[in-house]
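Listed below are the residues making up each chain.
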Amino acid sequence: MSGSSRVVAVLGPTNTGKTHYAIERMLGYRTGVIGLPLRLLAREVYDKIVAIRGPSVVALVTGEERIVPPRTQYWVCTVEAMPEGIGADFVAIDEIQLCVDPERGHVFTDRLLRSRGTNETLFMGSDTMRGPIAALVPEAQFVRRERMSQLVYSGSKKISRMPPRSAIVGFSVENVYAIAELLRRQKGGAAVVMGALSPRTRNAQVDLYQNGEVDYLVATDAIGMGLNLDVNHVAFSSLTKFDGRRMRPLAPNELAQIAGRAGRGMSDGTFGVTGEAPPLDEGVAQAIMDSRFTPMKKLNWRNAALRFGSVDALIDSLEVSPNDEHLTKARPADDLNVLKSLSQVPEVAARASDGPSIRLLWDVCRIPDFRGISHSEHANLLEVIYGHLHERGAIPDDFMARQIRRIDRTDGDIDALSKRLAYIRTWTYVAQRNGWVRDESHWREETRTVEDRLSDALHDRLTQRFVDRRTSVLLRRLKQKEALLAEVNDKGEVTVEGEFVGRLEGFRFTPDKSAQGAEAKALKSASLQALAPQFHLRADRFYNAPDTEIDFTDQGGLMWGEYAVGKLVAGAEPLKPMVEVFVDEAAGPDVEQKVQRRLQHFIDRKVAALFEPLLNLSRDEELSGLAKGFAFRMVEALGVLPRAQVAQEVKDLDQDARGALRKHGIRFGQFTIFMPLLLKPAPTRLRLVLWALSSGLQEFPEAPPPGLVTVPVAKDAPQGYDTMCGYRDAGERSIRIDMLERLADMLRSEDSRGGFEAKPDMLSITGMTLEQFADLMQGLGYKAERGEREKVKAAPAEAPATDAAEKPAAEETPAVEVSPEEVAAPTEAPAEATESTEAAAETPAADAASDEPEVEVFYTFTWGRQRQQNRAPRREQGQGKGKPRGKPQDGRKPQGKKGGKPQGAKSFSSRPPKKEKAIDPDNPFAAALMGLKGGN
């Protein structure tokens, strides 16, 4: 140490530019050494000096890294790795207040006492070190530097309300990870910085923060050691930390060291607490803002004059107590504890028998416990390393290769990768020691490559877990007020700036479901802003789309391809439904109106096409009087009316009115008045939707499958559902109304009083078995008596031809033929129905060979409704016995006219017979009445 060396202590709070000042001073000399508290900070300073002077004259020496060019002028080191005796012009020690650190303080104190530059020595740190430095280094000059910006206490804030560009400090890995996970969900993500990270991982994480990909940083107290970051606010998630032995509260000067990272240069900063940390005491907060702390009095010290005559002598020299009141004996460090443990191992004690062996043992004991495992496991590893070095002079290549190969894996989660990084740091440290491996350059490169690979993998895992890139990208672009580029593929998947954000279903955006809470809100906000042009493009395409691309659902939804774009709502009239569109508010009123108009055009055209006969009926100006009123009822009922509901109105219609209505395709059936064209599947499906809308139903019933003559009765269906479907409920099944009219034609010629059996044609048109047909007939008002009889062999009876022209009623109730377009399924009777029909008509040939008679089941059908009590049935003159007057409408037995003669009584008169009123062809009993007249 030169007596003319200038020693300066540059003291002051954070953000005073002390480190920057030291770099400038060092570069003013030909050679220099600067000692820094962290490997991370050493790498940062190294990169700065390399950028100024180039890599050929700058060395980086840390425990795990050694870059020493042949023409080195400037050494950037961790304090523990500072070279001694090189005679540099300039020496600087940063964060000198770490002299009081219980773990590493003795190293900083040693540098304070023994490291000097030939021309200048700088100590940079807190103003609390003024007293000890003045006492221990009397020649030191003091320079006070003031903070360049203000630091203000802002109290407690929830993490969800943390301002951007904030650093949240935790004091355990678990705490750091928990905070980062919360920030990912609520703010899009956070970078993670811890002292245990490799420089490569740490730099990659810091880059995420510095370039604005994330607005939040979660860190340990490592950020308090000079790392230069653009932080506006520092929040403490805890005010206590584990110091290696116990949990203890942080001192005000320790809090200030970390809080001081808020604000950089001339920018002011704030600090506070968050999470479960209690608010700072008012006095502590004020002391941090004013940088007023209790001065340090004693520094940790350990004897540097070591004796290597024996292991015991070495231990004794390490345990020497200081003789200065400003120094205190440091507690035993890891290296001393390991030395004591290994000295008890006989094999190690035998090897450490001379000065070089003991010095080698001490160097091995100084390998840090990067793995953080138990003391005994760490000691066992060092025993193996010492054995190799002492016996072979170097660690064998195959041993190194095995250790590295076991670690060189990038699979696993964050914890697994962190452990492997800690393990590789041990072998990186070993490879950096001169002479410990035979091929130093190879193993240094090998360990550095593995560490870089693990560092990159850890950075990726940290980013995947704690950064939602898409949210952070969108929020950053929004903050910068940049236009966002959105793309929608043919599957509706939306990407904004290349990041998947959700799906565009029609004109509604559905954010990715993996986003939750505040993240989902931010994602949707950014996505909708980017999607604005897409909404307009899609609206134009939709407006020009053909009707074939649009459809309605049975529940009244309106679909464009597979996407719901609206729904039908009730209008002023059943045939004039309105449209409610599904369009995001962010799409704007123009898009909404365009979609609204297109859907209204679609449904109006659909109604016009499928209900053309009904619309023509409503617009026929030639209709008047009762016909016009009846037409209104038909339109109101959507083209299908049960006859019982309008019996009197039908009776009041004269022949001209009926003829005018018949021209529009109206059929006056025995049970139903309907338009056959409107029974097709497409009009039926739309009729059900329009009926459900006008009826105010919450859940719309679906139409039966097309083409079936009968279907099971829908349980709990709303009243009138069967009619709107084009069916009539009868028993357990419903029969299509046009087929019911054909059945009614057949029943007119049957003796409903005396009883009749089902004909094969009846079973055929209904597609039923005999048992199902019996249930149907009972539903229509008939009684069905079951019987059994011996089956007789008989030739198939030829069905009597029915000439429709012979029956007057045929003009009114022509059979509705089932066209392929109307019926998707065949209407023939199923197998069991055919078998029953054949059983009633013929006897199989196999029965002839049987001696025992075969029994068959049959049903006899008679009219089952009771007559009204105070009305006696009557017969018309000449009416045959047991013949009904005709098939009753709506299944009710016909009643005699009020005041008429009792049925069965004959009257005689001398007057000529009164001219009878012409028979109404629309009367459901027309066929029977015409037959009775003919019988006279």
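Definitions and limits used
Residues numbered from 1 in each chain as written. Predicted model: local features only at pLDDT ≥ 70, side-chain atom pairs only at ≥ 80, totals over all residues. Heavy atoms only, no water. Helix = DSSP H or I, 4+ residues; strand = E, 2+ residues; numbered from the N terminus. Buried < 20%, exposed > 50% of the residue type's maximum accessible area, 1.4 Å probe, protein only. Contact = heavy atoms within 4.5 Å. Areas by Shrake-Rupley, 256 points an atom, 1.4 Å probe, with all protein chains shown as cover. Polar contact = N/O pair within 3.5 Å; in protein donor to acceptor, adjacent residues only side chain to side chain. Pairing = 2+ DSSP bridges. Axes fitted to C-alpha atoms, helices over the stretch in contact; angles between N-to-C directions. Left-handed = near helix turned anticlockwise from the far one by under 90°. Salt bridge = Lys/Arg side-chain N within 4 Å of Asp/Glu carboxyl O. Phe/Tyr/Trp six-rings, centres within 6.5 Å; stacked < 30°, edge-to-face > 60°. Lys NZ or Arg CZ within 6 Å of the ring centre and 35° of its normal. Core = buried A, V, L, I, M, F, W, Y, C linked by side-chain atoms within 4.5 Å. Arc of directions from axis to C-beta. pLDDT = per-residue confidence, 0-100. Parallel < 35°, antiparallel > 145°, perpendicular 65-115°, else oblique. Nonpolar A, V, L, I, M, F, W, Y, C, P; charged D, E, K, R; others polar.

### Focus on the overall build of the protein chain
Scanning the protein chain for helices and strands turns up 31 helices and 34 strands. Out of the 936 residues belonging to the protein chain, those deemed buried represent 49%. For the protein chain, the share of sequence-separated contacts (at least 6 apart) that also reach a separation of at least 24 residues comes to 70%. Accessible area of the protein chain: about 44,700 Å², with a carbon and sulfur share of 49%.

### Comments concerning the side chain of Arg202
Examined against the element boundaries, Arg202 turns out to sit in helix 6 (residues 199-210). Looking at Arg202, its side chain comes within polar contact range of the side chain of Glu44, at 2.8 Å.

### What to know about the sheet that holds strand 3 (residues 58-61)
The mixed open sheet is built from eight strands, whose spatial order is 4-3-5-2-6-7-1-8. The outermost strands of the open sheet, each flanked by one partner alone, are strand 4 (66-67) and strand 8 (141-144). Relative to strand 6 (residues 90-93), strand 2 (residues 32-36) runs parallel, the two sharing four bridges. Bridge assignment links Ile34 to a residue of strand 6, and that residue is Ala92.

### Concerning the sheet that holds strand 24 (residues 557-560)
Here we have four strands laid out as an open sheet, ordered 23-24-25-26, and antiparallel in their pairing. Unpaired on one side and paired on the other, strand 23 (550-552) and strand 26 (578-581) mark the two borders of the sheet. Ignoring strand direction, the axes of neighbouring strands in this sheet form an average angle of 30 degrees. Of the strand pairs in this sheet, strand 23 and strand 24 are connected by three bridges, and their pairing is antiparallel. From the neighbouring strand, Ile550 faces strand 24, where its bridge partner is Trp560. In the packing of helix 19 (residues 589-610) onto the sheet, contacts are made with strand 23, strand 24, strand 25 (563-569) and strand 26, and the angle to strand 26 comes to roughly 145 degrees.

### Here we look at helix 3 (residues 105-114)
Most of helix 3 sits inside the fold, with eight of its 10 residues counted as buried. Of all the residues in helix 3, the buried ones are Gly105, His106, Val107, Phe108, Thr109, Asp110, Arg111 and Leu112. Buried positions along helix 3 lie against strand 6, strand 7 (120-125), helix 4 (130-136), strand 17 (299-301) and strand 18 (327-329).

### Some words on the packing of helix 6 against helix 16 (residues 440-466)
Contact geometry for helix 6 and helix 16: axes closest at 8 Å, N-to-C directions at 35 degrees. In the crossing of helix 6 with helix 16, the sense of the turn from one axis to the other is right-handed. Taking contact as the criterion, the partners of Pro199, Arg200, Thr201, Ala204, Gln205 and Leu208 in helix 6 are, on helix 16, Glu451, Asp452, Ser455, Asp456, Leu458, His459, Leu462 and Thr463.

### Considerations on the pattern of salt bridges
Taken as a whole and assessed by the stated rule, the structure comprises 53 salt bridges. Where Arg39 meets Glu451, a salt bridge forms, and the shortest distance between an N and an O atom there is 2.7 Å. Of this pair, Arg39 sits in helix 2 (residues 39-53) while Glu451 sits in helix 16, and the two are 412 residues apart along the sequence. Judged by its relative accessible area of 4%, Glu451 is buried. Between Glu750 and Lys759 there is a salt bridge, with the nearest N and O atoms lying 3.3 Å from each other. Residue classification places Lys759 among the partly exposed residues on the basis of a relative accessible area of 37%. The network of salt bridges with shared partners includes Arg39, Arg43, Asp47, Glu64, Glu65, Arg425 and Glu451.

### Observations regarding unusual backbone geometry
Even without a glycine there, the phi angle at Ser291 is positive, about 55 degrees. Positionally, Ser291 belongs in the loop between helix 8 (282-290) and strand 17. Although it is not a glycine, Asp716 adopts a positive phi angle of roughly 60 degrees. Within the secondary structure, Asp716 sits in the loop between strand 30 (710-712) and helix 25 (721-725).

### Concerning the packing of aromatic side chains
The full count for this structure, using the stated rule, is 14 aromatic pairs. The interplanar angle of 35 degrees and the centroid separation of 5.4 Å between the aromatic rings of Tyr177 and Phe466 together place this pair among those described as tilted. Here the residue Tyr177 occupies a position in helix 5 (residues 173-187), and Phe466 occupies one in helix 16, the gap between them amounting to 289 residues. Assessed through its relative accessible area of 0%, Phe466 is described here as buried. Geometrically, the ring pair formed by Phe370 and Tyr429 is tilted, given 6.2 Å between the ring centres and 55 degrees between the ring planes. Note that Phe370 is positioned in the loop between helix 12 (355-365) and helix 13 (375-392) and Tyr429 in helix 15 (residues 414-432), a separation of 59 residues in sequence. The rings of Phe756, Phe773, Tyr782, Tyr859, Phe861 and Trp863 are connected pair by pair, giving a single aromatic cluster. Lying across the ring of Tyr209, Arg165 places its NZ or CZ 3.8 Å from the centre.

### As for the nonpolar core
Among the nonpolar cores identified, the biggest contains 67 residues, and Phe507, Leu575, Leu599, Phe611, Leu617, Phe630 and Leu661 are the most heavily contacted of them. If you look at the next biggest cluster of nonpolar residues, it comprises 62 residues, including Val364, Ile404, Leu417 and Tyr429.

### Observations regarding helix 1 (residues 18-27)
Residues of helix 1 that are buried: Lys18, Thr19, Ala22, Ile23, Met26 and Leu27. Buried residues of helix 1, viewed axially, fall in a sector of 165 degrees; they line one side. Check the buried side of helix 1 and you find it contacts strand 1 (6-11), strand 2, helix 2, strand 5 (74-78), strand 6 and strand 7.

### Focus on the pairing of strand 1
Most of strand 1 sits inside the fold, with five of its six residues counted as buried. Alignment of strand 1 against strand 8, held across four bridges, turns out to be parallel. Paired with Ala9 across the strands is Phe142, a residue of strand 8.

### Observations concerning the environment of Ser525
Among the secondary structure elements, Ser525 is positioned in helix 18 (residues 517-543). A C-alpha to C-alpha distance of 9.2 Å links Ser525 and Ala586, two positions 61 residues apart in sequence.

### Side note on the side chain of Lys241
Its location among the elements puts Lys241 in strand 14 (residues 240-242). Within the structure, Lys241 has its side chain in polar contact with the side chain of Asp221 (distance 2.7 Å). Setting aside chain neighbours within four positions, we find Lys241 in contact with Phe171, Asp221, Arg246, Met247, Arg248 and Leu250.

### Re the environment of Lys524
Tracing the sequence through the fold places Lys524 in helix 18. Not counting chain neighbours up to four residues away, the residues in contact with Lys524 comprise Phe509 and Pro511.

### So, the confidence of the model for the protein chain
Mean pLDDT over the protein chain works out to 83, with 82% of the residues at or above the 70 mark. Mean pLDDT values for the elements of the protein chain range from 37 in helix 29 (residues 809-812) up to 97 in strand 6. Confidence drops under a pLDDT of 50 for residues 923-936, and excluding neighbours within four residues, the segment shows 32 contacts in the predicted structure.

### Observations concerning the environment of Leu38
The topology assignment puts Leu38 in the loop between strand 2 and helix 2. The class for Leu38 is buried, based on a relative accessible area of 18%. Non-local contacts of Leu38, meaning those with residues more than four positions away in its chain, are made with Thr78, Ala222 and Met225.

### Thoughts on the packing of helix 5 against helix 16
The interhelical angle for the contact between helix 5 and helix 16, taken along N-to-C directions, is 55 degrees, at an axis separation of 8 Å. Comparing the axis directions of helix 5 and helix 16 gives the class oblique. Contacts between helix 5 and helix 16 pair Tyr177, Ala180, Glu181 and Arg184 from the former with Leu462, Arg465 and Phe466 from the latter. Considering only residue class, the contact of helix 5 with helix 16 consists of four nonpolar, no polar and three charged.

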